[in-house]
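Structural description and commentary
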Amino acid sequence: MISTRPIRSGNSSEAPVITPAEIGALARRIDRPIVLIGLMGVGKSTVGRKLADLLDTGFIDADEAIETAAQRSVSEIFEAHGEAYFRDGERRVIARLMAEGHGVIATGGGAFVDAETRAMILDHGVTVWIRATVETLVKRTGRRNSRPLLRDGDPQAILNRLADERDPLYRQAPIHVNSEEGPHHATALRILEGIERWL
Ligand code: S3P
């Protein structure tokens with residue numbers, strides 16, 4: 001029986017102790033893709049790869065799949081066609097990825113804002129919201145200049161606004177995990193703990 005109560009797993013950066021045998025047993029109980037949502041810079045892709053390694057399953061990054069399908073970078077798609085066009089393609093690519101049976105899917109930060117994409121992820125995935133403070137996100141996103149939404153203004157102000165707008169939606173995920181400083185491996189383990197408690 002699946003509980004609908006949100007699991008806020010591990011508010012510290014400490015990793016829970018889970019044995020490989022327990023991870024194997026958990027992996028066998030997960031019958032849907034694990035879909036990672038959250039703002040730019042929370043570490044969805046890095047944590048997602050670790051999580052897939054731990055579960056011995058496949059990982060796919062939705063932004064990369066969009067870039068492969070479009071043969072253009074996310075920035076080029078935004079520039080040439082605008083955000084609404086990007087969201088439309090993003091919805092179709094995520095629907096395909098969910099149907100393809102990938103173990104772990106990292107989504108772009110805005111994917112879950114689209115009502116149709118959100119319903120699809122909530123209905124057909126194990127949805128995990130990865131969160132971090134805006135201060136941490138500013139530091140992490142400052143390392144690369146690949147995010148079109150952060151180019152037109154002060155990244156801290158933009159991320160604060162996006163957090164205000166999107167957190168009420170992200171909160172609908174059944175599993176919430178913090179990813180502050182500290183190894184991504186620990187975040188991946190806390191996600192496993194959150195899934196275990198939720199399933
Ligand atoms: C976006 C997040 C990006 C990418 C695009 C838009 C957003 O993905 O999809 O730049 O709206 O938050 P990441 O969250 O992987 O950076």
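Everything below is about the structure shown above.
Read on for an overview of the structure. (Residues numbered from 1 in each chain as written. Predicted model: local features only at pLDDT ≥ 70, side-chain atom pairs only at ≥ 80, totals over all residues. Heavy atoms only, no water.)

1. Considering the packing of aromatic side chains
In this description, a pair of aromatic rings is defined by centroid distance and the angle of the planes. In total, this model carries three aromatic pairs according to the counting rule given. Relative to Tyr 170, the ring of Trp 129 lies with its centre 5.9 Å away and its plane at 35°, an arrangement referred to as tilted. Taken together, the residues Trp 129 in strand E5 (residues 126–131) and Tyr 170 in helix H8 (residues 155–170) connect sequence positions 41 residues apart. You'll find Trp 129 and Tyr 170 in the same group, each marked buried. Put simply, the rings of Phe 112, Trp 129 and Tyr 170 touch in pairs and so form one group of aromatic residues. (Phe/Tyr/Trp six-rings, centres within 6.5 Å; stacked < 30°, edge-to-face > 60°. Helix = DSSP H or I, 4+ residues; strand = E, 2+ residues; numbered from the N terminus. Buried < 20%, exposed > 50% of the residue type's maximum accessible area, 1.4 Å probe, protein only.)

2. Some thoughts on the site of the ligand
If you check the shell around the ligand, you find 13 residues, and the closest are Lys 44, Asp 63, Arg 87, Arg 147 and Arg 166. Asp 63 is positioned such that a nitrogen or oxygen atom in its side chain is 2.7 Å from an oxygen atom of the ligand. One nitrogen or oxygen atom from the main chain of Gly 110 is found 3.3 Å from an oxygen atom belonging to the ligand. Burial of the ligand by the protein chains amounts to 94% of its free accessible area of 390 Å². (Near = heavy atom within 4 Å. Polar contact = N/O pair within 3.5 Å; in protein donor to acceptor, adjacent residues only side chain to side chain. Areas by Shrake-Rupley, 256 points an atom, 1.4 Å probe, with all protein chains shown as cover.)

3. A closer look at unusual backbone geometry
Phi is positive for Asp 56, which is not a glycine, with a value near 55°. One can find Asp 56 in the loop between helix H2 (44–55) and strand E3 (59–61). We classify Asp 56 as exposed; its relative accessible area is 71%. Even without a glycine there, the phi angle at Gln 71 is positive, about 55°.

4. A closer look at H2
Between the first and last C-alpha of H2 there are 16 Å, a value that for 12 residues agrees with the 16 Å anticipated at 1.5 Å per step. Within H2 the residues assigned to the buried category are Lys 44, Val 47, Gly 48, Leu 51, Ala 52 and Leu 55. The buried residues of H2 all sit within an arc of 135° when viewed along its axis, so they share a single face. In the core, the buried residues of H2 are packed alongside helix H1 (20–29), strand E2 (34–37), E3, strand E4 (104–106), E5 and helix H9 (184–198). Trailing H2 by a residue or two, Asp 56 shows a phi angle of about 55°, which is positive. (Expected span 1.5 Å × (residues − 1). Arc of directions from axis to C-beta. Contact = heavy atoms within 4.5 Å.)

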